[in-house]
Amino acid sequence: MARKLKTYQTSLGFFDLAIAAPSMKAALEAWGADSNLFHQGAAKESDDPDVIAAAMEKPGIVLRRAVGSDGPFGEHAKLPTDLGGTRPTKAARKSKGPGAKRPSSRPVDKAAEQKAALAFEKEQSRRELERAKEEAARRKEHERRQQAVDKAQAALDKAEQEHAKQAAAIQADIETLEKKSQTEQARWDKEKARLEAALRRARG
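Note that the coordinates shown come from a computational prediction; the quantities given were computed from them, not determined experimentally. (Residues numbered from 1 in each chain as written. Predicted model: local features only at pLDDT ≥ 70, side-chain atom pairs only at ≥ 80, totals over all residues. Heavy atoms only, no water.)

**Some words on the overall build of the protein**
Then step 1. Along its length, the protein carries four helices and four strands.
Then step 2. Along its sequence from the N terminus, the protein presents helices and strands in the succession β-β-α-β-α-β-α-α.
Then step 3. The buried share of the protein, taken over its 204 residues, is 23%.
Then step 4. Long-range pairs, those at least 24 residues apart, make up 60% of the contacts in the protein between residues at least 6 apart in sequence.
Then step 5. Accessible surface computed for the protein: about 15,300 Å², of which carbon and sulfur atoms make up 55%. (Helix = DSSP H or I, 4+ residues; strand = E, 2+ residues; numbered from the N terminus. Buried < 20%, exposed > 50% of the residue type's maximum accessible area, 1.4 Å probe, protein only. Contact = heavy atoms within 4.5 Å. Areas by Shrake-Rupley, 256 points an atom, 1.4 Å probe, with all protein chains shown as cover.)

**Observations concerning the environment of Val-62**
Then step 1. With respect to the helices and strands, Val-62 occurs in the loop between helix 2 (49-57) and strand 4 (63-66).
Then step 2. The exposure class assigned to Val-62 is buried, which follows from its relative accessible area of 14%.
Then step 3. Spatially, the C-alpha atoms of Val-62 and Ala-30 are 6.9 Å apart, while their sequence positions differ by 32 residues.

Laid out in structure tokens, this is it:
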């Protein structure tokens, strides 16, 4: 059975956020918060009937409005126009005097609640599917990069092996030539001594 939804609000960056979700945890996940904003006092369950109505129309979808404004929440919101001005305090935004909004006393529409809860689960499934696709794409890109790295490493290893083989062959040739040079030098030293001796004898 689908869980009953509640509407939660917070402020992140330049926007106020609202969402209809079954729990604070679900709201934090949808907002992408990396800490418990509710424990920090930066998020709350909304009692504003307009906010609740807007969130229940699109359960599971993060709605936005410019921070500090009292405009309607929507999927897309413009940046605040008074970024350089003084931001209203939480107390000022919560209470607007005698005309402040009060929680709605409308009777609970069980069918609407059930429909909103099912819509939330559908939106949650869509987000999870998107995350799974993104993760699969990241894995595929990582595998592609790893294959490229492995291929380059294999080419380097092969080239190093070929170089070592060629260097070993050259070194063997050098050693062979060195031996030939030594043999020739020894032969020449012996031959030279013999010829010089003959020359001395000829000279008397």
